[in-house]
Amino acid sequence: MQHFYIIIRLFLFVLIYQSMKINGEKMERRENSFCHPFPGIILDQNKINKFENGSIMYNKLVYPAESYQVFGNKTYGCICNLQSCLRKCCKRNEILGEGIRPNCTPLSNESLIQKSLVLEQNQLAAEIQQISRLSDQFFLIEDMQCSENLSKLLLEPENIEEDAYVVQANGTLQTFNGDKYEAWNYCLDWKEPSKTIAVLVCTLNASTTSSNPVDAGIIISIPFFFATFFVYAIIPELRNLYGKTLMCYVACLVVAYTSLVLAKLLFFKYVFCSAIAFIIHFSFLASFFWLNVMCFDIWWTFGGFRSLHGSVKQRERKKFLIYSIYAWGCAAILTGICAIMDFLPKIPNYLIKPDFGKMNCWFTRDEAKAIYFYGPMGITVLCNICLFISTALKIRQHGKDTAQHLRGIDSRRHDDNKQWFNLYLKLFIVMGINWSMEIISWLCNNTPTYLWYLTDFTNTLQGVIIFIIFVWKDKVKRLLLRRFGCRESNVFSRNSTRSGCRTCTSSAPSFQEKIVTYSNESFCDKTIVDN
């Protein structure tokens, strides 16, 4: 138990440190990106003229009230709401490096700092071929970020004929093979070593996504989720309160993972992609809240609180109803807020919207993901940590008293609850730490993606892990055999001294049954599901 406390403290320290480390960076990004799809620019306070209707004038452009926002002592304007924009990949003193997915590097040739971006005439649409430089037609935003699930890919028109492109008057880029990229889905800049202008497009690159181990983990997990749900659904002894909450948790992940596979492997138009995004969002949020329900229920069990009125079955039905309202209700409310923000007209532009389906079947902006997804996830993870620590302390504090004072059914009930706590602890350590690493990897989004493949892959293998913890046990196999009318195999003979199906003298109560009765009936017909 001491090692568990040390792990939790280290985890909290890393999480808090990383959050503080990038807090300023995330705040700056949130402030200048309330404009969408292009980020905003900082307006010089000394050049702003304000009007009584709330709009402002800056550099001869009038910004309506919904096209600018003040954060602290800075004013950010959505200039791309007023004129055509393009993305310039790097900052003024930087240039694209080498490779097919180059990053920005400091300029080695200072003369390029003052050099404007100029394309060949055959790379411009006929109506804008008269411009001498791109800044004559477009405002250049220094930004090269692609949205979630999209990767940057370098076009090579000098080597690949299909990569030849033309920039339209509205900023859309069209390649010779017919691919179109909106102005916010690509960037251009000078590139080493040829000192020519290169274009990076945001695309779903099949060569990278097909080999992603995360996708393989998702696909592997789905049948194990189904298997876990099926086992708990067909065995009456497992359909107690604990079993039902586990089934709800697994059902949420089945829907979420299946929807993820559909979103990744199939192409959807906007309306279908948006619907898939809402399903994924609701399912994952519901799974977080059901895991929170499990942690709360085991904490309540050991907390010595007054139980609900009625028989055991009635109490469990009441608790499951309350838990269902909480888990499904909270997930529905949060997803409903996303729907309101996306579809309700006249929502101010400075408010952060989920923008489901605009660029992919998920959030378009990191800020929206933080508010509508990682925020609730982080809160439930922290709550679960506190609940587990409190429960562990109660178990440790009252362990000796339990051994001395509890007898018979009460003692067995205590042991039953303690074993469920151990199971949930295993589940939370795996799920909680994995989801926490997901948050940390999102916070540290400037680090190489391959550093997080292990934690992401483990996170997607939740189906396998849950199956091993809750199903892959000798006693569950024995329950399955009995459920289908099969005789027990000799593979279980080593446990015969503990089997409740062999002799009445060696029987013991099942903690998987969660004492549906705890009555005077013989324990000969019950079984144990060990850790």
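Once a new chain begins, its residue numbering starts again from 1 and follows that chain's sequence as written. Local features in a predicted model are, by the rule used here, given only for residues with pLDDT of at least 70; side-chain atom pairs are given and counted only at 80 or more, and totals for whole chains, interfaces and linings are based on all residues. Each side-chain value is worked out from all heavy atoms of the structure, with water and hydrogens disregarded.

In the annotation of an unreviewed UniProt entry, the entry for the protein reads G-protein coupled receptor Mth2 isoform X2, and the organism field reads Apis mellifera. Its UniProt record gives the protein the following Sequence similarities (unreviewed entry) comment, quoted word for word: "Belongs to the G-protein coupled receptor 2 family. Mth subfamily." UniProt positions are given in the numbering used here, feature names are shortened, and annotations may be inferred rather than shown by experiment.

A. Layout of the overall build of the protein. Helix and strand counts for the protein stand at eleven helices and 16 strands. Accessible area is worked out with a 1.4 Å probe on protein chains only. A residue is then buried under 20% of its type maximum, exposed over 50%, and partly exposed in between. Classification of the 531 residues of the protein by burial places 48% in the buried group. Residue contacts are defined here by distance: any two heavy atoms, one from each residue, within 4.5 Å place the two residues in contact. For the protein, long-range pairs separated by at least 24 residues make up 66% of all intrachain contacts whose partners lie at least 6 apart in sequence. Accessible area of the protein: about 26,900 Å², with a carbon and sulfur share of 59%. The helix count covers DSSP runs of H or I at least four residues long, the strand count covers runs of E at least two residues long, and both are numbered beginning at the N terminus. In this description, accessible areas are obtained by the Shrake-Rupley approach with a 1.4 Å probe, and a residue is regarded as covered only by the protein chains that are shown.

B. Seen up close, the sheet that holds strand S1 (residues 41-43). Think of it this way: DSSP has to see at least two bridges between two strands before they count as a pair. Read across the open sheet, the three strands follow the order S1-S6-S5; overall the sheet is antiparallel. Of all the strands in the sheet, the pair left with one neighbour each is S1 and strand S5 (68-71). When strand polarity is set aside, the average angle formed by the axes of neighbouring strands in this sheet is 35°. The angle between two axes is taken between their N-to-C directions and runs from 0 to 180 degrees, where each axis is a line fitted to C-alpha atoms and a helix contributes only its stretch in contact.

C. Up close: the confidence of the model for the protein. Across the protein, the average pLDDT comes to 76, with 68% of residues at 70 or higher. pLDDT expresses how confident the predictor is about each individual residue, on a scale running from 0 to 100. Across residues 14-32, where pLDDT falls below 50, the model places 28 contacts with residues more than four positions away in sequence or in other chains. Predicted confidence is poor over residues 206-211, with pLDDT under 50, and the contacts of this stretch with residues over four places away or in other chains come to three contacts.

D. Expanded view of a positive patch on the surface. In this scheme, patches are assembled from residues that exceed 30% relative accessible area and form no salt bridge. Like charges are connected within 9 Å, while nonpolar side chains (Val, Leu, Ile, Met, Phe, Trp, Tyr) are connected within 5 Å. Take a side-chain nitrogen of Lys or Arg and a carboxyl oxygen of Asp or Glu: if they are within 4 Å of each other, that pair is a salt bridge. Asp and Glu are treated as the negative residues and Lys and Arg as the positive ones, with His and the ends of the chain left uncounted. Taken as the charge location is NZ of Lys, CZ of Arg, CG of Asp or CD of Glu. Positive charge collects at one region of the surface, where Arg239, Lys244, Lys313, Arg317 and Arg483 lie side by side. With respect to the helices and strands, the residue Lys244 is situated in helix H4 (residues 241-265).

E. Structural view of the state of the cysteines. Our working definition of a disulfide is a cysteine sulfur pair at a distance within 2.5 Å. Scanning all chains against the criterion turns up four disulfides. For Cys80, the disulfide goes to Cys85, at an S-S distance of 2.1 Å. The sign of the S-S torsion, about -100°, decides the handedness of the disulfide formed by Cys80 and Cys85: left-handed. Neither Cys80 nor Cys85 differs from the other in exposure class; each is buried. Covalently, Cys90 is tied to Cys104 through a disulfide, its sulfur atoms 2.1 Å apart. Looking down the S-S bond of the Cys90 and Cys104 bridge, the torsion is -90°, so its handedness is left-handed. One end of the pair, Cys90, is in the loop between strand S7 (85-88) and strand S8 (94-96); the other, Cys104, is in strand S9 (residues 104-106), and 14 residues separate them in sequence. Among the residues examined, Cys104 registers a relative accessible area of 24% and is labelled partly exposed. No disulfide involves Cys386; its sulfur sits 6.6 Å from that of Cys383, the nearest cysteine.

F. Structural view of the nonpolar core. To form a nonpolar core, buried Ala, Val, Leu, Ile, Met, Phe, Trp, Tyr and Cys residues must be joined to one another through side-chain atoms within 4.5 Å. The biggest cluster of nonpolar side chains holds 63 residues, and the ones touching the most others in it are Tyr232, Tyr257, Phe284, Trp290, Phe373 and Ile466. For this core, the secondary-structure elements that each account for two or more residues are helix H3 (213-234), H4, helix H5 (270-302), helix H6 (312-343), helix H7 (366-405), helix H10 (462-470) and helix H11 (474-483). Tyr58, Ile197, Val199 and Val201 belong to the second largest nonpolar core, which has 36 residues in total.

G. Main features of the UniProt feature "transmembrane region" (unreviewed entry) in the protein. Per the UniProt record, the feature "transmembrane region" (unreviewed entry) sits at residues 216-235, 247-268, 274-299, 320-344, 371-393, 423-444 and 450-472. In residues 320-344, the share of helix is 96% and the share of strand is 0%. The end C-alpha atoms are 34 Å apart. In residues 371-393, the share of helix is 100% and the share of strand is 0%. The end C-alpha atoms are 33 Å apart.

H. Layout of the packing of aromatic side chains. Only Phe, Tyr and Trp rings are paired, with Trp represented by its six-membered ring, and only when their centres lie within 6.5 Å; those with planes under 30 degrees apart are stacked, over 60 edge-to-face, the remainder tilted. For the structure on display, the rule yields 24 aromatic pairs. Look at Phe224 and Phe467: their rings are 5.4 Å apart centre to centre, the planes differ by 70°, and that puts the pair in the edge-to-face class. Here Phe224, found in helix H3, pairs with Phe467, found in helix H10; they are 243 residues apart in sequence, far enough to count as distant. Taking relative accessible area as the criterion, Phe224 reaches 29% and is therefore assigned partly exposed. Since its relative accessible area comes to 14%, Phe467 is described here as buried. An aromatic cluster of three or more residues is present, and its members are Phe225, Tyr257, Phe278, Phe284, Phe288, Phe343, Phe356, Trp362, Phe363, Tyr372, Phe373 and Tyr374. A ring is scored as having a charge over it whenever the NZ atom of a lysine or the CZ atom of an arginine sits within 6 Å of its centre and within 35 degrees of its normal. Over the aromatic face of Phe320 sits the side chain of Lys244, whose NZ or CZ is 5.7 Å from the ring centroid.

I. Representation of unusual backbone geometry in the model. For Asn59, which is not a glycine, the phi torsion comes out positive at approximately 50°. Within the fold, Asn59 resides in the loop between strand S3 (56-58) and strand S4 (61-63). Look at Asn59 and you get exposed, because its relative accessible area is 53%.

J. Expanded view of the environment of Ile468. With respect to the helices and strands, the residue Ile468 is situated in helix H10. In this structure Ile468 comes out as partly exposed when scored by relative accessible area, which is 46%. Expressed as a C-alpha distance, the spacing of Ile468 and Phe224, which sit 244 residues apart in the sequence, is 9.2 Å.

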